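Below, each chain spelled out in residue letters.
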Amino acid sequence: FDLTQHLPSQTTERFKQAYYRTLSDNLRNQQALDILRRNLSPGVPLLVLKGPALIERIYLNPALRPMTDIDLLIHPEHLPILKDCLHALNYGSPVQYPNIFIKNKVIFDIHTDPFHADRIKQRLEAVPLNLANLWQKAIPFANVENLFMLSLPDQILTLSVHALKHGYDRNIW
């Protein structure tokens, strides 16, 4: 609709900067995810939570949905394989957060449970979740092996719980 013609030029410029910064950051994150996927054993599925999955399915434009990290859900038995792969790709992990991996402004946050119920058991009492069903209903990314996203109902459920966790301070979910 070319609404920018109704905005002050300084405001339009700030919107453009935010748009291109988000685009650049997300393209870097998507490339890192693709490199990880290609270096990981094909028998190790990754379920992408939030950011890249929402861009793929809802936003369709990587400049419209900012993300600070890439959240991945993995089967617990595959966690050591994923960690070895990330280390081989020169990602580092802070001692206090062994499931966070960082390199060149890319952050992977690895989950074996989408609600971190492995750390906080009460979360499963609030929202019972069957992980096997979650994986069974997962949808593959288009033209990509071993990369999946949540079904739409599961996506809505997990995003709602995530928003509750953060007190709705960010309206991107």
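Only a predicted model underlies this, so the values are computations on that prediction, with no experimental measurement involved. (Residues numbered from 1 in each chain as written. Predicted model: local features only at pLDDT ≥ 70, side-chain atom pairs only at ≥ 80, totals over all residues. Heavy atoms only, no water.)

Think of a sheet as strands paired side by side through backbone hydrogen bonds, with each pair either parallel or antiparallel. Read from one edge to the other, the open sheet built from six strands follows the order S3-S4-S2-S1-S6-S5, with strand pairing classed as mixed. Each edge of the sheet is formed by a strand with only one pairing partner; in this case those strands are strand S3 (100-103) and strand S5 (139-140). Pairing between strand S2 (residues 70-73) and strand S4 (residues 106-111): four bridges, direction parallel. Residue pairing in the sheet places Ile70 in a bridge with Phe108 of S4. The sheet strands contacting helix H2 (residues 51-59) are strand S1 (46-49), S2, S5 and strand S6 (147-149), and the helix crosses S1 at an angle near 80°. (Pairing = 2+ DSSP bridges. Helix = DSSP H or I, 4+ residues; strand = E, 2+ residues; numbered from the N terminus. Contact = heavy atoms within 4.5 Å. Axes fitted to C-alpha atoms, helices over the stretch in contact; angles between N-to-C directions.)

So, on to the pairing of S2. Burial along S2 is two-sided: Ile70 and Leu72 facing one way and Asp71 and Leu73 facing the other are all buried. When S1 meets S2, the two strands line up antiparallel, connected through three bridges. Residue Leu49 lies in a different strand from S2, and its bridge partner there is Asp71. (Buried < 20%, exposed > 50% of the residue type's maximum accessible area, 1.4 Å probe, protein only.)

Here S1 shows two buried faces, one formed by Leu46 and Val48 and the other by Leu47 and Leu49. Of the pairings in the sheet, the one linking S1 to S6 comprises three bridges and is parallel in character. The residue of S6 that forms the bridge with Val48 is Met149.

Another aspect to go through is the environment of Leu27. By the element assignment, Leu27 lies in helix H1 (residues 9-39). The spacing of Leu27 and Pro52 is 25 residues in sequence and 9.9 Å in space, taken between C-alpha atoms.

Looking now at the pattern of salt bridges. On inspection of all chains with the given rule, the structure shows five salt bridges. The partner of Lys137 in a salt bridge is Asp154, and the shortest N-O contact between them spans 3.6 Å. Separated by 17 residues along the polypeptide, Lys137 in the loop between helix H5 (131-136) and S5 and Asp154 in helix H6 (residues 152-165) bring together distant segments of the chain. The partly exposed category is assigned to Lys137, whose relative accessible area is 43%. In this structure Asp154 comes out as buried when scored by relative accessible area, which is 7%. (Salt bridge = Lys/Arg side-chain N within 4 Å of Asp/Glu carboxyl O.)

Among all positions in helix H3 (residues 79-88), only Leu79, Leu82, Cys85 and Leu86 are buried. Buried residues along H3 cover an arc of 125° about the axis, so they all sit on one side. Within H3, the exposed residues directed more than 90 degrees away from the buried face are Asp84 and Ala88. In the stretch just after H3, Asn90 is the one whose phi turns positive, near 70°. (Arc of directions from axis to C-beta.)

All right, on to a nonpolar patch on the surface then. A cluster of nonpolar side chains, contributed by Tyr19, Tyr20 and Leu64, occupies part of the molecular surface with about 310 Å² of accessible area. You can see Tyr20 is positioned in helix H1. Judged by relative accessible area, which is 52%, Tyr20 ranks as exposed. (Patch = residues over 30% accessible without salt bridge, like charges linked within 9 Å, V, L, I, M, F, W, Y side chains within 5 Å. Areas by Shrake-Rupley, 256 points an atom, 1.4 Å probe, with all protein chains shown as cover.)

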